[in-house]
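Listed here are the chains, written in short residue letters.
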Amino acid sequence: MAKKRALITGITGQDGSYLAEYLLEQGYDVIGMIRRSSTVNFERIHHIQDKVTLVAGDLLDEVSMIHLLREHRPSEVYNLAAQSFVQTSFSQPVFTGEVTGLGVTRILDAVRVVDPGIRFYQASSSEMFGKVQAVPQTETTPFYPRSPYGVAKLYGHWITVNYRESYDMYACSGILFNHESPRRGLEFVTRKITNAVARIKLGKDKELRLGNLDAKRDWGYAKDYVRAMHLMLQQDTADDYVVSTGETYSVRRFCEIAFGHVGLNYQDYVVIDERFYRPAEVDLLVGDPAKAATKLGWKPEVSFEQLVTMMVDSDLQANK
Ligand code: NAP
Ligand code: GDD
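Structural notes, computed from the coordinates. (Residues numbered from 1 in each chain as written. Chains lettered and ligands numbered in written order. Predicted model: local features only at pLDDT ≥ 70, side-chain atom pairs only at ≥ 80, totals over all residues. Heavy atoms only, no water.)

Some words on the site of ligand 1
Okay, step 1: Taken together, the neighbourhood of ligand 1 is formed by 25 residues, with Thr12, Arg35, Asn41, Ser84 and Tyr149 sitting nearest.
Okay, step 2: The side chain of Arg35 places a nitrogen or oxygen atom 2.8 Å from an oxygen atom of ligand 1.
Okay, step 3: For ligand 1, a nitrogen atom lies 2.8 Å from a polar atom in the side chain of Asp58.
Okay, step 4: Protein chains bury 90% of the 900 Å² of accessible surface belonging to ligand 1 in isolation.
Okay, step 5: Among the secondary structure elements, those contributing two or more residues to the shell around ligand 1 are α1 (14-25), β5 (119-125) and α5 (148-167).
Okay, step 6: Considering each element in turn, the shell around ligand 1 owes the most residues, three residues, to β5. (Near = heavy atom within 4 Å. Polar contact = N/O pair within 3.5 Å; in protein donor to acceptor, adjacent residues only side chain to side chain. Areas by Shrake-Rupley, 256 points an atom, 1.4 Å probe, with all protein chains shown as cover. Helix = DSSP H or I, 4+ residues; strand = E, 2+ residues; numbered from the N terminus.)

Focus on the packing of α1 against helix α7 (residues 222-232)
Okay, step 1: For the pair α1 and α7, the least separation of the axes is 9 Å and the interaxial angle reads 65°. As for the relative orientation of α1 and α7, their crossing is right-handed in sense. On α7, the residues touching Gln14, Asp15, Tyr18, Leu19, Tyr22 and Leu23 of α1 are Ala222, Lys223, Val226, Arg227, Met229 and His230.
Okay, step 2: Looking at side-chain class alone, the contact of α1 with α7 contains seven nonpolar, two polar and three charged residues. (Axes fitted to C-alpha atoms, helices over the stretch in contact; angles between N-to-C directions. Left-handed = near helix turned anticlockwise from the far one by under 90°. Contact = heavy atoms within 4.5 Å. Nonpolar A, V, L, I, M, F, W, Y, C, P; charged D, E, K, R; others polar.)

Some details on the packing of helix α8 (residues 251-261) against helix α10 (residues 304-319)
Okay, step 1: Two elements in contact, α8 and α10, have axes whose closest approach is 9 Å; the angle formed by their N-to-C orientations is 50°. Between α8 and α10, the angle falls in the class oblique. In the crossing of α8 with α10, the sense of the turn from one axis to the other is right-handed. For the pair α8 and α10, the contacting residues are Arg253, Phe254, Ile257, Ala258 and His261 in the first and Phe304, Glu305, Val308, Thr309, Val312 and Asp313 in the second.
Okay, step 2: Looking at side-chain class alone, the contact of α8 with α10 contains six nonpolar, two polar and three charged residues. (Parallel < 35°, antiparallel > 145°, perpendicular 65-115°, else oblique.)

Some thoughts on the sheet that holds strand β6 (residues 171-176)
Okay, step 1: Read from one edge to the other, the open sheet built from seven strands follows the order β3-β2-β1-β4-β5-β6-β11, with strand pairing classed as parallel. The open sheet has two free edges, formed respectively by β3 (53-56) and β11 (241-243), since each of these has just one partner strand. The average angle at which neighbouring strand axes cross in this sheet is 25°, direction not considered.
Okay, step 2: Where β5 meets β6, six bridges bridge the pair, whose relative direction is parallel. Its bridge partner being in β6, Gln122 is matched across the sheet by Ser173. (Pairing = 2+ DSSP bridges.)

A word on the pattern of salt bridges
Okay, step 1: Considering all chains together, one arrives at 20 salt bridges under this definition.
Okay, step 2: Linking Arg183 and Glu21 is a salt bridge whose minimum nitrogen-to-oxygen distance equals 2.7 Å. One end of the pair, Arg183, is in the loop between β7 (179-180) and α6 (189-201); the other, Glu21, is in helix α1, and 162 residues separate them in sequence. Both residues of the pair, Arg183 and Glu21, belong to the buried class.
Okay, step 3: The salt bridge involving Asp214 is made with Arg252; its shortest N-O contact spans 3.0 Å. (Salt bridge = Lys/Arg side-chain N within 4 Å of Asp/Glu carboxyl O. Buried < 20%, exposed > 50% of the residue type's maximum accessible area, 1.4 Å probe, protein only.)

A few points about the site of ligand 2
Okay, step 1: Around ligand 2, the structure places 24 residues, and the nearest of them are Ser84, Ser125, Ser126, Tyr149 and Arg278.
Okay, step 2: Contacts to ligand 2 include Ser125, whose side-chain N or O atom sits 2.5 Å from an oxygen atom.
Okay, step 3: In the environment of ligand 2, a nitrogen atom lies 2.9 Å from a nitrogen or oxygen atom belonging to the backbone of Glu187.
Okay, step 4: Here ligand 2 has 710 Å² of accessible area as a free molecule, and 96% of this is covered by the chains.
Okay, step 5: Of all elements in the fold, only α6 and β8 (208-210) reach the threshold of two or more residues within the shell around ligand 2.
Okay, step 6: Looking at the shell around ligand 2, its residues break down into ten nonpolar, six polar and eight charged.
Okay, step 7: Structurally, the shell around ligand 2 is a two-domain feature, drawing no fewer than three residues from each of domain 1 (5-179 + 219-243) and domain 2 (185-218 + 249-282 + 302-319). (Domains from an automatic or database assignment.)

In short, the description is geometric, and any link to function would need to be established separately.
This is the structure:
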């Protein structure tokens, strides 16, 4: 049988790197779309660089994606690329809309033009629930985004549904709740905390400046979540799924466990800094993963506590 071939946009990101590893393990040819930058940015994929094919393209440029789809003819496309940091979306709302919102139309349209039979995954987000209208959030909970990023993701979600319904494309929207790992970007709160814990423990830093400690998130492990992306594209019909753990914890609790893991008390080191508050906050996210469990047979394998301690241990190692 011919090898399956997948295109991943955002392969240099946290999820892209784990998904590439997973698809390679499943026997896929993996094509990774990378955008041009003045410095090489392959930290997360250098260990698999010789096993994947990297091609140039940008979500801002539909023609680039038409060309690479024509040349590489994948059977599955995973659209993970985005301006993904919520805080930045407040200072760069138009850019975020271009990449994270309209970028989805550009790649979907490129797929439609080249081969509408290609299966498509869109990286949607629990940030679309924003000011939550029900607890826990399911696939049918009404959306109420609270950031330009959330608004852009909502556009990406609906254009994915629209292309599925208009052109009979196999297009899925995975509504993923926060997922973290030792590869998480340093600006996101979990990695910011675990990296600071390691640096403080090793005597390299003295304090950690954070914003709202009372925000609650449903945090899972990124490696678990990429399995769900793949499963969504292996079904008889395309559909949308919430992917989450079903548990929620505050940023404060994350700090408690992370500092506690190295024998420190977070209250001695965390300083509240107004700069890290957002103009509008998402106070509480907790997803109901029942549909993904029943229809995809998916369940997370790493607990919250295991996730926090894994990230602290990794940062201790990296900061030595
Ligand atoms: P990430 O680490 O920030 O990675 C984003 C990726 O997108 C990077 O590879 C980046 O490339 C690429 N990119 C950005 N702008 C691009 C453009 N104009 N053209 C092509 N590539 C571009 O994000 P992540 O955490 O892996 O998340 C993956 C996706 O899932 C994102 O769409 C995110 O919004 C969504 N999501 C994430 C979570 C989560 O908790 N992680 C939850 C729900 C949804 P560079 O390396 O060149 O910057
Ligand atoms: N980043 C950051 N930095 N967040 C802080 C800080 C800080 O110093 N202090 C408190 N927080 C709070 C934020 O206000 C937010 O309520 C929470 O920590 C989580 O922030 P992030 O880690 O930046 O993630 P996010 O929830 O805003 O967005 C992530 O998850 C989404 C899914 O719900 C990103 O990965 C998005 O791309 C993703 O879609």
